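Coordinate analysis (summary)
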Amino acid sequence: MVKNFWSAIVLIFIGTVTWAQQTEPDSVKVRLLDEVVVSDTRFPIQRENSGKTVIRIGADELRRNQGRSLPELINTKSGIEISGSRGRAGEVLGVFVRGGRGRQVIVVIDGVRVSDPSSFSQEFDLRLLPLTSIASVEIIKGASSTLYGANAATAVINIKTKDAPDKKLTGNFSSSMGTNQTTADQKYQLNTFENSARVAGSSGRWDYAVGFANRYADGMSSISSEADEADPFSAINLNARIGYKISDQLKTRVYASQAKIRSAYDESFGLQDAPYQFQSTQNRVGINTVYDYTKGSTTLNMAYATYDSENISAFPGFFKGKNVIGDFFNKYRFGNFRTIAGINYNFEQTQFEEEKEFSFIDPYLSLVYFNKKGFQLTTGGRLNLHSEYGSQFVYNINPSYILKRENGYFKVLASFATAYLTPSLTQLFGQFGANPELRPESNQTLEIGLEYAINGSLRASAVVFSREEKDFVFFDNVNFLYNNAENTIQARGLEMELDWVPTEDLTLKANYTFTEREGDASIRIPKHKLFTEIGYRLSKVFLISANYAYTGQRTDTDFATFTEVPLEAFSLLGFAARYEIMPDLLSVFIQGDNLLNTSYTEVLGFNTRGRNVKMGFALTFQ
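To start, this report covers the structure provided alongside it.

Cut-offs applied
- Residues numbered from 1 in each chain as written.
- Predicted model: local features only at pLDDT ≥ 70, side-chain atom pairs only at ≥ 80, totals over all residues.
- Heavy atoms only, no water.
- Phe/Tyr/Trp six-rings, centres within 6.5 Å; stacked < 30°, edge-to-face > 60°.
- Lys NZ or Arg CZ within 6 Å of the ring centre and 35° of its normal.
- Pairing = 2+ DSSP bridges.
- Helix = DSSP H or I, 4+ residues; strand = E, 2+ residues; numbered from the N terminus.
- Buried < 20%, exposed > 50% of the residue type's maximum accessible area, 1.4 Å probe, protein only.
- Contact = heavy atoms within 4.5 Å.
- Axes fitted to C-alpha atoms, helices over the stretch in contact; angles between N-to-C directions.
- 1 Å grid on protein atoms, 1.4 Å probe; cavity = no way out; pocket = protein on both sides within 12 Å on 5 of 7 lines; lining within 4 Å.
- Points joined across faces, edges and corners; volume = space filled by probe spheres on them.
- Salt bridge = Lys/Arg side-chain N within 4 Å of Asp/Glu carboxyl O.
- Core = buried A, V, L, I, M, F, W, Y, C linked by side-chain atoms within 4.5 Å.

Quick word on the packing of aromatic side chains
Within a pair of aromatic rings, the relevant descriptors are the distance that separates the centres and the angle that separates the planes. Scanning the model with the defined rule gives 17 aromatic pairs in all. Taken together through their ring pairs, the aromatic side chains of Tyr-332, Phe-334, Phe-337, Tyr-369 and Phe-375 make up a single cluster. Sitting over the ring of Tyr-148, Arg-42 keeps its end group 5.8 Å from the ring centre. One Lys or Arg, Lys-331, reaches over the ring of Phe-43 and ends 5.2 Å from the middle of that ring.

Here's the deal with the pairing of strand E25 (residues 473–476)
In this sheet, strand E26 (residues 481–484) lies alongside E25 in antiparallel orientation, the contact comprising four bridges. Bridge pairing in E26 links Phe-475 to Tyr-482. Where E25 folds back onto E26 in an antiparallel hairpin, the turn is made up of four residues, including Phe-480, whose phi is positive at roughly 50°.

Quick look at the side chain of Thr-154
Here Thr-154 shows up in the loop between helix H4 (145–148) and strand E9 (155–161). According to the relative accessible area criterion, Thr-154 is buried, its value standing at 0%. Thr-154 has contacts with Val-97, Gly-100, Gln-104, Val-105, Ile-140, Lys-141, Gly-142 and Arg-467, leaving out every residue within four places of it along the chain.

Thoughts on unusual backbone geometry
One non-glycine residue with positive phi stands out, namely Arg-98, at about 50°. Arg-98 sits in the buried class, given a relative accessible area of 1%. Of note in this structure, Arg-524 is not a glycine but carries a positive phi near 65°. Residue placement: Arg-524 occurs in the loop between strand E28 (506–518) and strand E29 (528–539).

A short note on the environment of Gly-335
By the element assignment, Gly-335 lies in the loop between strand E17 (317–334) and strand E18 (337–351). Residue classification places Gly-335 among the exposed positions, given a relative accessible area of 64%. Here the alpha-carbon distance between Gly-335 and Phe-370, two residues 35 residues apart in the chain, equals 8.9 Å.

A short note on the pairing of strand E35 (residues 612–621)
Both strand E10 (residues 170–178) and E35 contribute to a ladder of eight bridges, which runs antiparallel. Residue pairing for E35: Asn-172 is matched across the bridge by Thr-620.

A few points about the sheet that holds strand E6 (residues 105–109)
The strands that make up a sheet are held in pairs by hydrogen bonds between backbone atoms, and each pair lies either parallel or antiparallel. Read across the sheet, five strands follow the order E3-E8-E9-E6-E7 without closing on themselves; strand pairing throughout is mixed. Of all strands in the sheet, those bounded by a partner on one side alone are strand E3 (55–57) and strand E7 (112–114). On average, each strand axis in the sheet is inclined to that of its neighbour by 25°, with strand direction left out of account. Of the pairings in the sheet, the one linking E3 to strand E8 (residues 134–141) comprises three bridges and is antiparallel in character.

Digging into empty space enclosed by the protein
Evaluated as defined, the whole model comprises eight cavities of 30 Å³ or more. If you add up the space inside the largest cavity, you get close to 520 Å³. The wall of the largest cavity is formed by 34 residues, among which Ser-69, Glu-72, Ala-89, Arg-609 and Lys-614 lie closest to the centre. Among the secondary structure elements, those contributing two or more residues to the lining of the largest cavity are helix H3 (70–74), strand E11 (192–203), strand E12 (206–217), strand E34 (586–593) and E35. Each pocket or cavity is described by its volume, and for the second largest cavity that value is around 150 Å³. Lining the second largest cavity are 13 residues, with Asp-40, Lys-52, Ser-144, Leu-147 and Asn-396 sitting closest to its centre.

Describing the pattern of salt bridges
In the structure shown here, the tally under the stated rule is 41 salt bridges. Between Lys-529 and Glu-81 there is a salt bridge, with its nearest N and O atoms 2.7 Å apart. You can see Lys-529 sitting in strand E29 and its partner Glu-81 sitting in strand E4 (residues 80–83), a full 448 residues away along the chain. Lys-529 sits in the buried class, given a relative accessible area of 11%. Here Glu-516 makes a salt bridge to Arg-492, at a shortest N to O gap of 3.8 Å. Taken together, the residues Glu-516 in strand E28 and Arg-492 in strand E27 (residues 489–500) connect sequence positions 24 residues apart. Several salt bridges converge on common partners, so that one network encompasses Lys-52, Arg-98, Lys-141, Lys-411, Glu-447, Glu-451, Arg-459, Glu-495, Glu-497, Asp-499 and Lys-509.

Examining the nonpolar core
Soluble globular proteins: nonpolar side chains tend toward being buried together. Counting residues in each nonpolar core, the largest one holds 32 residues, and the members touching the most others are Leu-70 and Ile-159. Residues in contact with Ile-159, not counting those within four places in the same chain, are Leu-70, Val-107, Val-108, Ile-109, Asp-110, Leu-129, Ile-134, Ser-136 and Val-137. In terms of nonpolar packing, the next biggest core, distinct from the first, is built from 16 residues, Phe-43, Val-54, Val-108 and Tyr-148 among them.

Any link to function would need more than the numbers given here.
Shown next as structure tokens:
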């Protein structure tokens, strides 16, 4: 059955590419070949010159997904599963990329890594960031510690927030409301609300931006129970930035942000309704300074962040952490070469019975070579100098070859890269099972892929990957201690992507992922996953779209018996429409999710959303 399913996917993929060659439109509004990506080299290059299959979510896609959360949108991309994103708003998220765990994914915002040192695995909480503040998202998969440092083992989610426009004063306002209900509770009450406002502009050498966003959801219980008591979620975001152009070559920007979330939740052991609550506040300030010169640029990024969280439950606790992260690097171009040389500094501190901290300094170097005949090579290395466990060296080798055609290109790519994961402060010094003798976890990724593009109307890619994890940190229930595992974890899979514009008004996006993990329980990681979306522009101001998502069988842990339980596969249908009442000024949207009101389980014992409807507007003045 599995073989037949996989074979059908491959045949559909190949057939679509073949048909697209025969139906290439004369002109299209979307030029896929002109798309610029940054994350895999940290230089802005055209996608065809990239040695990776970078996922890019641009301004247009973000606009079309108004009303969704960032985890919901990322969950539609190849190789990624975010458990909790289909459940009650505010549910704890599990990020699984290429068969890995959340601690192997890092989030970068405006060039600086963000992480919570007070959490068990130092992950950044994606619930803290509203979609309305984002200008673009790029995701590179595989080991990427050479360019991005600690914990970049399976993916880097590189987020760029909105810049200030050239005009003196602009404003963006949006609002949405909708239902928040399970399959069994279809009352269609308005229980979710989201609002945002942003004012930004430039005058002379100065630029500025101030933003606000709030989200609130109610009406759903965290767990599935007879009492079914609602567990509300709320979030508030504030941000401000100001920039000054000191000269034509030197510019600097300072920024500050605050994010607050409050989420009610239930007792997961025994799956009972409970009046529990989690509260968290993140404060962040930073500076970005860039000096441009003829052959390159020099950049300094510095950020200081504090995290204060409280868990109100049967096991209450306060969690306080702070970090300082700096990245100083120089980019230089000469001939067919691009180089980056830099040094990265991380200081992490959290409060247990007493303050505990660690720091590390990483010098790194990366080189990109472009050959006019189509050969490209990206390679580099990073030396991690850690205050607790010593040193760790990582590197990457990423050759690719592009065969350019008159109307497109064909690309072959390969990559081998290593990564390291630092044990968290909780694992090293925490109050439960801490082990200061932990070693860093090491990861490596091998991938081989193909990418084919036609005249901006089609891009199709397929990548095979193989990952290996050694010394991964786990909690030993027998000895009640964090430890390094002696066995090796293996993960392998296939990722296929298709972006197709058969006519000026019709678009098709599709991706398929096959993932296998061996060596431990691969809980909540689907073996097969498929997402496809069709969009049609009825007129210049009216766009409709429909999507289909298939999530294959996976397992979860039953904490009552500590056994693995299989979870059935499920399929979801969605629909959206967007209408510009006043082009570039006022637009409205409506979207429907889980249109067939399918009942399914994402996390054992927890609720998932049934059929839901959301609507809203976006207003821009300039």
